[in-house]
Amino acid sequence: ELLRSKSMDRDSYNSGDWFNSLDFSGCTTGFGRGLPVQSKNGEKWELLKPLLQEEGVAPTKAHIDATITKFLELLRIRASSKLFR
């Protein structure tokens, strides 16, 4: 899990690569890249805009690295017993 952001878009399937980018280096998440499409999220733009611009809300590389570590730990636990499969 790389903490990929969809900037609070409830349905980003058709939002394109710019909005749904994935950085495998773990340095960025794309959080706050822009407002989600108006057709499905416009009614919440007034709420979303200040949240997406707020400093300190986007995950840092340290958050991403910690999440990857915990995710791998869960995978090891799952693989440790047939009871989890």
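Just so you know, these numbers come straight off a predicted model, no measurement behind them.

S.K.: Honestly, the environment of N14 in this entry has me stumped. Any pointers?
M.R.: With respect to the helices, strands and loops of the structure, N14 is situated in the segment before α1 (16-19). Counting along the chain gives 23 residues from N14 to V37, while the straight-line C-alpha distance between them is 9.0 Å.

S.K.: Any chance you could explain the packing of aromatic side chains here in plain terms?
M.R.: Two descriptors summarise a pair of aromatic rings, namely the distance from one centre to the other and the angle between the planes of the rings. Overall, the coordinates contain one aromatic pair when judged by the stated rule. Both rings, one in W18 and one in F19, keep their centres 6.2 Å apart while their planes meet at 45°; by these two values the pair is tilted. Classification of W18 as exposed rests on a relative accessible area of 54%. The class of F19 is buried, set by a relative accessible area of 5%. For R33, the ring lying beneath its charged end belongs to W18, and the centroid distance is 5.9 Å.

S.K.: What should I look at first to understand the pattern of salt bridges in this one?
M.R.: Once the charged atoms of two side chains with opposite charge are near each other, the side chains can pair. Under the counting rule described, the total for this entry stands at three salt bridges. Ionic pairing is found between D65 and K61, a salt bridge with its closest N-O pair at 3.2 Å. Here the residue D65 and the residue K61 both occupy positions in helix α4 (residues 61-79), the gap between them amounting to four residues, near one helical turn. The exposure class of K61 is partly exposed, given its relative accessible area of 35%. Salt-bridge contacts for E73 lead to K70; the nearest nitrogen and oxygen are separated by 3.6 Å.

S.K.: Help me understand the side chain of S12, please; the structure alone is not making it clear to me.
M.R.: Mapping S12 onto the fold places it in the segment before α1. Not counting chain neighbours up to four residues away, the residues in contact with S12 comprise K6, F19 and N20.

Thresholds, definitions, all that
- Residues numbered from 1 in each chain as written.
- Predicted model: local features only at pLDDT ≥ 70, side-chain atom pairs only at ≥ 80, totals over all residues.
- Heavy atoms only, no water.
- Helix = DSSP H or I, 4+ residues; strand = E, 2+ residues; numbered from the N terminus.
- Phe/Tyr/Trp six-rings, centres within 6.5 Å; stacked < 30°, edge-to-face > 60°.
- Buried < 20%, exposed > 50% of the residue type's maximum accessible area, 1.4 Å probe, protein only.
- Lys NZ or Arg CZ within 6 Å of the ring centre and 35° of its normal.
- Salt bridge = Lys/Arg side-chain N within 4 Å of Asp/Glu carboxyl O.
- Contact = heavy atoms within 4.5 Å.

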